[in-house]
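If you want the building blocks of each chain, they are given just below.
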Amino acid sequence: QKEVEQDPGPLSVPEGAIVSLNCTYSNSAFQYFMWYRQYSRKGPELLMYTYSSGNKEDGRFTAQVDKSSKYISLFIRDSQPSDSATYLCAMRGPGGGYQKVTFGIGTKLQVIP
Amino acid sequence: EAGVTQFPSHSVIEKGQTVTLRCDPISGHDNLYWYRRVMGKEIKFLLHFVKESKQDESGMPNNRFLAERTGGTYSTLKVQPAELEDSGVYFCASNRRTGYEQFFGPGTRLTVL
C-alpha cells in the first residue's frame, strides 16, 4: 500500500470553476501537510503548508487537513488558465524542515479558457 | 537570490555508462536533498546532507549511486554503472537548518538507453 494516494487525473475544468484536489495517506506519523505546484519542466514549488488538522486560506487557495480521516484537500476558487499545472500533495513527520518529504503522484490540472 | 540550480538539464546515456549530476543549492542552505521521480511514480526521497555530512541515505536504491557534497556547498550524484531503471527526473532541494520549506531545483532528466 502506498503511503500517499492521489488521483493522477488529468482533471479538466472551465475557467472560473472551483477545483477540488485531494489525497489520502496511511502513515499516522505525518504532521505537516503541503501542496506543491509543478509546471512542465520545472521543479515543485510550495503552494500551501499546514500543520496538523484544520484549514488554511491563501488568496484563491484553501488547504484542509482532516487527520482523523487521513485526508487532505486543496481547493482553488475562480480557477485561471495559469493554474494549469500538476499539483502534488506532500507530507512529513514531526521535527524540523529537514525531514524527508513523502509525495503523492500528483494530479494534472488543466483550466480551459 | 538565485534558486537551486541543477546541471545538466537533460542527459542521455547508454546502459553501463557513468553519469554525474550536479546540484548547487541556494547560498547559505545547510540542508541539501536529492529526490527522484521515475516515470509514472511519485517523487521519492533519496538522501539528505547537512553541510557535507550524510544525515539520511535511506532512499538510495543501491550501491551504484554515490552522492557527495564536498565542502558543504554543491553536491554531485554519480550513477555507475547506469541501468535502464535509473531513468527518471532527479531533483535537488535545499533549505536552511531552521527552514520548513524545501526549495526545489528544475531537475535533471536522465534517460538510460
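Small disclaimer: the values here were computed from a predicted structure and weren't measured.

J.: Explain the pattern of salt bridges to me, using residue names and the numbers behind them.
T.: Any two side chains of opposite charge can pair, given that their charged atoms come close. Residue and element names in this part refer to chain A. Counted by the stated rule, this structure contains 9 salt bridges over all chains. When the shortest N-O distance is used, the salt bridge between Glu45 and Arg37 registers 3.5 Å. Classification of Glu45 by relative accessible area gives partly exposed; the value is 38%. Here Arg60 ties to Asp83 by a salt bridge, and the two come within 2.8 Å at their closest N and O atoms. In this pair, Arg60 sits in the loop between strand 6 (54-58) and strand 7 (61-66) while Asp83 sits in the loop between strand 8 (71-76) and strand 9 (85-92), placing the two residues 23 residues apart along the sequence. You can call Asp83 buried: its relative accessible area is 1%.

J.: Explain the interface of chain A and chain B to me, using residue names and the numbers behind them.
T.: Often, the extent of an interface is quoted as the loss of accessible area upon association of its parts. Contacts between the two partners involve 20 residues from chain A and, on the opposite side, 23 residues from chain B. Carbon and sulfur atoms make up 55% of the area that chain A and chain B hide from each other, which totals about 1700 Å². Connecting chain A to chain B are 1 salt bridge. Residue B:Glu42 is joined to A:Lys2 by a salt bridge in which the shortest nitrogen-to-oxygen separation is 3.1 Å. Those elements that provide at least two residues to the side of chain A that touches chain B are strand 4 (32-38), strand 5 (45-51) and strand 9 of chain A. In the side of chain A that touches chain B, the residues fall into 10 nonpolar, 5 polar and 5 charged.

Thresholds applied
- Residues numbered from 1 in each chain as written.
- Chains lettered and ligands numbered in written order.
- Predicted model: local features only at pLDDT ≥ 70, side-chain atom pairs only at ≥ 80, totals over all residues.
- Heavy atoms only, no water.
- Salt bridge = Lys/Arg side-chain N within 4 Å of Asp/Glu carboxyl O.
- Buried < 20%, exposed > 50% of the residue type's maximum accessible area, 1.4 Å probe, protein only.
- Helix = DSSP H or I, 4+ residues; strand = E, 2+ residues; numbered from the N terminus.
- Contact = heavy atoms within 4.5 Å.
- Buried area = accessible area lost by both parts, 1.4 Å probe.
- Nonpolar A, V, L, I, M, F, W, Y, C, P; charged D, E, K, R; others polar.

Taken by themselves, the reported measurements are silent on function.
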